[in-house]
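Chain by chain, the residues run as shown.
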Amino acid sequence: MATSAQEQQQEQQRVDQVVAQVKQRAQQTDDLLAKAHRETDVIQKNYGDNNSVNTFEVDDRIETNAELQQQKQMVERAVESEAILNRQVGVLKDLGNSPYFGRIDIQDTPDDAPERLYIGTASFVDNDQNFLVYDWRAPISSVYYNGTLGKVAYQTPAGKQTTELTKKRQFQIDHGEIKNMFDTNETVGDEILQSVLGQQNDAYMQNIVATIQKEQNDIIRDTYSDLLVVQGVAGSGKTSAILQRIAFLLYHSRASLEADQMVLFSPNRLFSHYISEVLPSLGERNMRQVTLAEFLSARFQGLTVESLFERYEQDRQQTTAAPALRAFQESADFMTQVTAYCQQLPADQLRFTNIMFNGEIFFHKASIAKIAADLPKAMQPADRFLAIKNTLIKRLKHRISDEAQSDWVNEIIDQLSDEAYHDLLGKKRRGDFQSLDNEVFYIGKQIITKRLRQVYDAIYNGYFLDTYEQYNDFLAQVKRPQNIDPTAWQTRMQAFRTGIEYHRIALIDCAPLLLLRDILTGSGQNRRMQYIFVDEMQDYSLAQLLYIKHAFPLAKFTLLGDSEQALFKGIERPQQLLERLRDAFAVRRANLITLNKSYRSTKQITNFAKALLPDGDQIQAFTREGDLPKVMIRYGHEAALNGLLSEVNHQLESTHTVAVLTKDLAESRAVYQFLKHHTVATLMADSDRTMPLGVIVMPIYLAKGLEFDAVIAYDVSATNYADEADTGILYTIASRAMHHLTLLSIGDASPLITHLDPTLFTIDHRVRV
Ligand SMILES: Nc1ncnc2c1ncn2[C@@H]1O[C@H](COP(=O)(O)OP(=O)(O)OP(=O)(O)O)[C@@H](O)[C@H]1O
């Protein structure tokens, strides 16, 4: 509802007053920052000077070390306080530009005076401690997002409160000026959202705090669930919701939660870059981000881990992929079998390997097996492993003591320089020993310990267990479902062994193998992480999700995805998915939220994309108008590529980035080879972290989670998209477009498109000549 000119004038006056105060505070903070910066410089310079003191004399060095530690801590503290001030300056700068976006008028009881609260990206308190702006995450601010006028409730640390909401007003303020102002009874009215969505560009994702929708708000403010599952259609704000949720949780649990105790599993590195500005724009530090490939590679050092994309490419070439086999290995049952196998594995079936030193056996696997066999049978696997480790370390120490007195060691000691001798003494002083023999013995042990460091590390890291052989044993005894025949299973096992020989591991083996290794060795779990977020969860197998759960046992999980965008597997109903996950995760407090409204694309693009899906009816388009998607049909490759070029040029007239999305890498390469001779084009790779301007070409799996002003889907022909199996891919491509969507077909278009209602798109058809 529009507001009167007089009201707007009054509101503008208030904006002016607040902005003036914010600017004054910004100036003070700037001064503080400059002062802090000078201090950091002095401390750092001091540290540098001390760091280069003469450390020739050993005693000096010890003192210098302690002093340096202290100096280092001072530097760290100074840098940290400077960083805090820096963040404050950033926040105040943003508030100076746009101090708030919402206002709510509330009245707790008829006898109370009505209150007028303004809501912005951060709180601002004047010198008399009056809140001129409330942080969007404050308990009372939830009323802005959740409530329609009338009686409303909100959660506070002290429990549920109620109040009467008498007015809800939205603002768009830029450079301290109100551009738009509406009163609304809706959650957050469409007018402002229209305007925000119309302006979006695609270089970085923006924060959405001014226009969070009710269901999104439920995701953001859920502090109750151990497992929160979000099924949201393409462009419904799942990723946005995660990021604002992280900002909310950081605010909510300020004292007990740090940004680095949250991990977001993101679909690719480009995506990580794309979302990297959202949290800083809210004055928060970014959480950790990792792709599944990075997470697994870090845990399989020395092996090349197959990536999801490699597997996708491979699957597309092999028509003989064995879905039953995959379904089995990716299931919760498979992981349960791993756990059961490890729990009951008798000591004599543990697969040990020799510990080597300089090409010779240092500890023989038979002697390690003997240690294991002598331990009590009822020991838990991890305890047993620890006991073996401790025994080996004890034996290593014996060997070190024995060796320390040998002649060759004594000869080395005789030839040591004074400095080398002092180095080996470390913190000990000469007078600390009862006799010279004792001192020499000590030095001898130090020499051997250094030499045998590699053996110690091998024991410490548990390398004496051959986890690959063990996993192979597990595979050999696993209970398979009826539909997997023994030959297929033998071939699969052989593929695993050959992979290991060549230092490669297939994605399908990663989660179960890691679980097996972690259980048997009692390692691999991180108890510091409090929240794990998995975006695009439809591309994860249940086995992978369960392993991630195992790796972060104390974390709460938020899993977000869209089963319609599954590039790798079939579609699953949300409720069914939740039940499956709840059972597998064994959590008490699970919650499912579904998002059906799509904000990314124009109404025309969303309507086209949803029509591709057999059950797309539930998807609602946001009312933002644009052109109908265009299907370009060209016969022959040359005509198609020329058509592509003219379309690219046409789109570039009105936008900075045009994405040409293909089904796989081979197509992307071919398109790029052509385009690069005619325009500024970039072929995106798995390793890319930033997105250039101009034309970018990439296979769809690299564009997961991203969005572009203009998208051209390359070759949507009947040959390339023959049947329903490709629906998810086509839908994902179409739903990346915000404003313009073109679908180029070489030859007749796919039946997935020709079966659609013809009013949903236009056709540009050049007939065969
Ligand atoms: N409440 C909102 N206010 C403003 N913009 C919004 C809102 N919700 C979503 N958007 C915008 O819609 C677009 C899609 O959001 P987002 O990428 O979070 O969706 P998604 O569900 O993760 O999509 P996908 O599954 O297709 O990758 C983004 O540009 C986002 O900024």
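Look up: the structure comes first, before these words.
Note that the structure is predicted; figures quoted are calculated from it, not measured.

Asks: It is not clear to me how empty space enclosed by the protein should be interpreted in this structure. Could you clarify?
Replies: According to the stated counting rule, one finds three cavities of 30 Å³ or more in the structure shown. Of the volumes computed, that of the largest cavity is approximately 420 Å³. Forming the boundary of the largest cavity are 28 residues, of which M205, G235, G237, S240 and E707 lie nearest the centre. Elements supplying a minimum of two residues to the lining of the largest cavity: α4 (190–199) and α6 (238–252). Considering only residue class, the lining of the largest cavity consists of eight nonpolar, 14 polar and six charged. Computed from the structure, the second largest cavity encloses a volume of approximately 50 Å³. Lining the second largest cavity are A234, S598, S601, I605, T606, A609, K610, I619, Y731 and S735. The greatest single-element share of the lining of the second largest cavity, amounting to four residues, is contributed by helix α24 (residues 603–612).

Asks: Quick question: what am I supposed to make of the side chain of E647 here?
Replies: With respect to the secondary-structure elements, E647 resides in helix α25 (residues 637–652). Discounting residues that sit within four places of it in the chain, E647 has contacts with K630, M632, I712 and T742.

Asks: Would you mind going over the packing of helix α16 (residues 418–425) against helix α17 (residues 436–451) with me for this structure?
Replies: To describe two helices that pack against each other, one gives the angle between their axes and the distance between the axes. In the contact formed by α16 and α17, the axes pass within 9 Å of each other and the chain directions differ by 85°. Classified by the interaxial angle, the pair formed by α16 and α17 is roughly perpendicular. Contacts between α16 and α17 involve Y421, L424 and L425 on the former and, on the latter, E439, Y442, I443, Q446, I447 and K450. Among the residues forming the contact of α16 with α17, the class breakdown is six nonpolar, one polar and two charged.

Asks: Could you clarify how one ought to interpret unusual backbone geometry in this entry?
Replies: Leave glycine aside and you will find that most residues have negative phi; peptide bonds, for their part, are mostly trans. A positive phi angle is found at Q129, which is not glycine, with a value near 65°. Take Q129: it is sitting in the loop between β3 (124–125) and β4 (131–135). Assessed through its relative accessible area of 61%, Q129 is described here as exposed. Of note in this structure, A586 is not a glycine but carries a positive phi near 50°. With respect to the helices and strands, A586 occurs in the loop between α23 (574–585) and β17 (590–595). The exposure class assigned to A586 is exposed, which follows from its relative accessible area of 66%.

Asks: Before we go on, may I ask you to explain the pattern of salt bridges in this structure?
Replies: Opposite charge on two side chains permits them to pair, given that their charged atoms come into close proximity. For the structure shown, the criterion picks out 27 salt bridges. Across the salt bridge formed by K663 and D726, the nearest N and O atoms sit 3.2 Å from each other. Taken together, the positions of K663 in the loop between β21 (657–662) and α26 (665–675) and D726 in the loop between β24 (708–713) and α27 (727–734) put the pair 63 residues apart, joining distant regions of the chain. What you see here is one network of salt bridges that share partners, running through E7, E11, R103, D105, K167, R169 and D183.

Asks: Looking at this structure, how should I read the packing of α24 against α27?
Replies: Taken N-terminus to C-terminus, the directions of α24 and α27 make an angle of 175°; their axes are 9 Å apart at the nearest point. On the basis of their axis angle, the class for α24 and α27 is roughly antiparallel. Judged by residue contacts, I605, F608, A609, K610 and L612 of α24 engage T727, L730, Y731 and A734 from α27. Tallied by class, residues from the contact of α24 with α27 come to seven nonpolar, one polar and one charged.

Asks: Just checking my understanding: could you explain the site of the ligand for this structure?
Replies: Residues in close proximity to the ligand total 24 residues, the closest being T211, K238, T239, E707 and R736. At 2.6 Å, a side-chain N or O of T211 approaches a nitrogen atom of the ligand. Note that a nitrogen atom of the ligand is positioned 2.8 Å from one of the side-chain N or O atoms of Q216. Protein chains bury 99% of the 630 Å² of accessible surface belonging to the ligand in isolation. Taken atom by atom, the bulk of the ligand overlaps the largest cavity. If one sorts the elements of the shell around the ligand by residue count, α6 sits on top with three residues. The residue makeup of the shell around the ligand, split by class, is eight nonpolar, 11 polar and five charged.

Asks: Can you walk me through the sheet that holds strand β23 (residues 694–699) in this structure?
Replies: Neighbouring strands of a sheet are bound in pairs by backbone hydrogen bonds; such pairs are parallel or else antiparallel. Overall, parallel pairing links the seven strands, which are arranged β22-β23-β21-β24-β25-β20-β26 in an open sheet. Two strands lie at the open edges of the sheet, namely β22 (681–683) and β26 (762–765), each paired on one side alone. Adjacent strand axes in the sheet meet at a mean angle of 20° when their direction is disregarded. With four bridges connecting them, β21 and β24 associate as parallel partners. Bridging from a neighbouring strand, V660 pairs with I712 of β24.

Asks: I keep staring at the sheet that holds β17 and nothing clicks. Help me out?
Replies: Taken together, six strands build an open sheet; the order of strands is β10-β9-β15-β16-β8-β17 and the sheet is parallel. Two strands lie at the open edges of the sheet, namely β10 (288–290) and β17, each paired on one side alone. When the angles between neighbouring strand axes are averaged without regard to direction, this sheet yields 15°. The pairing of strand β9 (residues 262–265) with strand β15 (residues 531–534) spans four bridges and is classified as parallel. Looking across to β15, one finds that F265 is bridged to V534. Against the sheet, helix α9 (residues 292–299) engages β9 and β10, with an angle of about 85° to β10.

Asks: Even after reading the chapter, I still don't get α26, so can you show me in this structure?
Replies: Because an α-helix packs 3.6 residues into every turn, residues spaced three or four apart end up facing the same way. Within the sequence span of α26, burial applies to E667, S668, V671, Y672, F674 and L675. Along α26, the residues classed as buried sweep out an arc of 160° about the axis, all on the same side. Looking at the buried positions of α26, the neighbouring elements they touch are α25, β21, β22 and β23. At the N-terminal end of α26, a side-chain oxygen is found 3.3 Å from the backbone nitrogen of A666, two or three residues along, and the residue is D664.

How each quantity is defined
- Residues numbered from 1 in each chain as written.
- Predicted model: local features only at pLDDT ≥ 70, side-chain atom pairs only at ≥ 80, totals over all residues.
- Heavy atoms only, no water.
- 1 Å grid on protein atoms, 1.4 Å probe; cavity = no way out; pocket = protein on both sides within 12 Å on 5 of 7 lines; lining within 4 Å.
- Points joined across faces, edges and corners; volume = space filled by probe spheres on them.
- Helix = DSSP H or I, 4+ residues; strand = E, 2+ residues; numbered from the N terminus.
- Nonpolar A, V, L, I, M, F, W, Y, C, P; charged D, E, K, R; others polar.
- Contact = heavy atoms within 4.5 Å.
- Axes fitted to C-alpha atoms, helices over the stretch in contact; angles between N-to-C directions.
- Parallel < 35°, antiparallel > 145°, perpendicular 65-115°, else oblique.
- Buried < 20%, exposed > 50% of the residue type's maximum accessible area, 1.4 Å probe, protein only.
- Salt bridge = Lys/Arg side-chain N within 4 Å of Asp/Glu carboxyl O.
- Near = heavy atom within 4 Å.
- Polar contact = N/O pair within 3.5 Å; in protein donor to acceptor, adjacent residues only side chain to side chain.
- Areas by Shrake-Rupley, 256 points an atom, 1.4 Å probe, with all protein chains shown as cover.
- Sits in = over half its atoms within 2 Å of the grid points.
- Pairing = 2+ DSSP bridges.
- Arc of directions from axis to C-beta.

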